[in-house]
Amino acid sequence: WDPTWSPDGKKIVFVTSGDEFETTQLMQVDANGGEPKQIVKVSTSFTPVYHPTEHQVYFCSYTEITKEIFSMAVFCWEEGSLESIFRKPTSEQFDFYSCAISRDGKFIGYEVADLESESSEIVISEFSGKNEKRFGQFPTVQSLCIGKGGEFVIASIPSAEDGLSATLYMLQGDKRTALTNGK
């Protein structure tokens, strides 16, 4: 799941489960097909994205530190090298999804899901954690992309309980503009 193209269109990275769903793996395959190769195996990984100008893959992951404390991290993988570049503590109440990077490669965005209130918000910041911006409360976020400079976000928000239709919204500051009608 969660396939993503390399900027040059030659490779595809995707997530698959391993060890009877105990771990996930990031796999890479040539865009023309072939045998996928494992590039990373971790407890959880989701929403891999290629850096728009580099041959690096960013992905979100979280691990249990103690029974109550989890850590969401964004990792950068580049040809055998794995580095944690962003880390955010969380708890059993919160979970993180929908990792994205801006087209200029300077901002990270993710969904913070509050499991108790069953609502989510989108958080955008520089990789250093500076200049954090928060965008609205939503039931959930299917996916997101970040505009250049982190000034706006396009988010796909489910518009029906069945999860089969969604509305695209442009989020900029406190302004929320529907770009589609949820069909």
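The coordinates are above.
Residues numbered from 1 in each chain as written. Predicted model: local features only at pLDDT ≥ 70, side-chain atom pairs only at ≥ 80, totals over all residues. Heavy atoms only, no water.

Novice: Help me understand the pairing of strand E13 (residues 143-146) in this model?
Specialist: Looking down a regular strand, the side chains alternate between one sheet face and the other. Only one face of E13 is buried, namely the one carrying Leu144 and Ile146, since none of Ser143 and Cys145 on the opposite face is buried. Between the end of E13 and the start of strand E14 (residues 153-158), which pair antiparallel, lie six residues, with Gly149 showing a positive phi angle near 80°. (Buried < 20%, exposed > 50% of the residue type's maximum accessible area, 1.4 Å probe, protein only. Helix = DSSP H or I, 4+ residues; strand = E, 2+ residues; numbered from the N terminus. Pairing = 2+ DSSP bridges.)

Novice: What is the right way to read the layout of surface pockets from this model?
Specialist: Which parts of space are left empty comes out when a probe the size of a water molecule is rolled across the atoms. When its volume is computed, the largest pocket comes out at roughly 430 Å³. Along its surface, the largest pocket is lined by 22 residues, and Val49, Ala100, Ile101, Leu144 and Cys145 are the ones closest to its centre. Looking at the lining of the largest pocket, the elements with two or more residues in it are strand E5 (46-50), strand E9 (94-101), E13 and E14. By residue class, the composition of the lining of the largest pocket is 14 nonpolar, seven polar and one charged. (1 Å grid on protein atoms, 1.4 Å probe; cavity = no way out; pocket = protein on both sides within 12 Å on 5 of 7 lines; lining within 4 Å. Points joined across faces, edges and corners; volume = space filled by probe spheres on them. Nonpolar A, V, L, I, M, F, W, Y, C, P; charged D, E, K, R; others polar.)

Novice: For this particular structure, what's the right way to read the pattern of salt bridges?
Specialist: When charged atoms on two side chains of opposite charge get close, those side chains can pair. All chains considered together, the criterion is met by four salt bridges. Taking the shortest distance from any N to any O, the salt bridge between Asp30 and Lys11 comes out at 2.6 Å. Pair noted here: Asp30 is in strand E3 (residues 23-30) and Lys11 is in strand E2 (residues 11-18), with a separation of 19 residues, a long-range link. For Asp30, a relative accessible area of 38% puts it in the partly exposed group. Here Arg134 ties to Glu121 by a salt bridge, and the two come within 2.4 Å at their closest N and O atoms. Within this pair, whereas Arg134 is found in strand E12 (residues 133-138), its partner Glu121 is found in strand E11 (residues 119-126), the two being separated by 13 residues in sequence. On the basis of relative accessibility, which here comes to 44%, the residue Arg134 falls in the partly exposed class. By relative accessible area, Glu121 is classed as buried at 18%. (Salt bridge = Lys/Arg side-chain N within 4 Å of Asp/Glu carboxyl O.)

Novice: What's the story with the sheet that holds E13 in this structure? I'm lost.
Specialist: Two modes of strand pairing occur in sheets, parallel and antiparallel, and in both the strands are linked by backbone hydrogen bonds. Strand order in this open sheet of four strands is E13-E14-E15-E16, and the pairing throughout is antiparallel. Every other strand in the sheet has two partners, leaving E13 and strand E16 (175-178) as the edge strands with one partner each. Put simply, the sheet's adjacent strands are angled 25° from each other on average, direction ignored. (Axes fitted to C-alpha atoms, helices over the stretch in contact; angles between N-to-C directions.)

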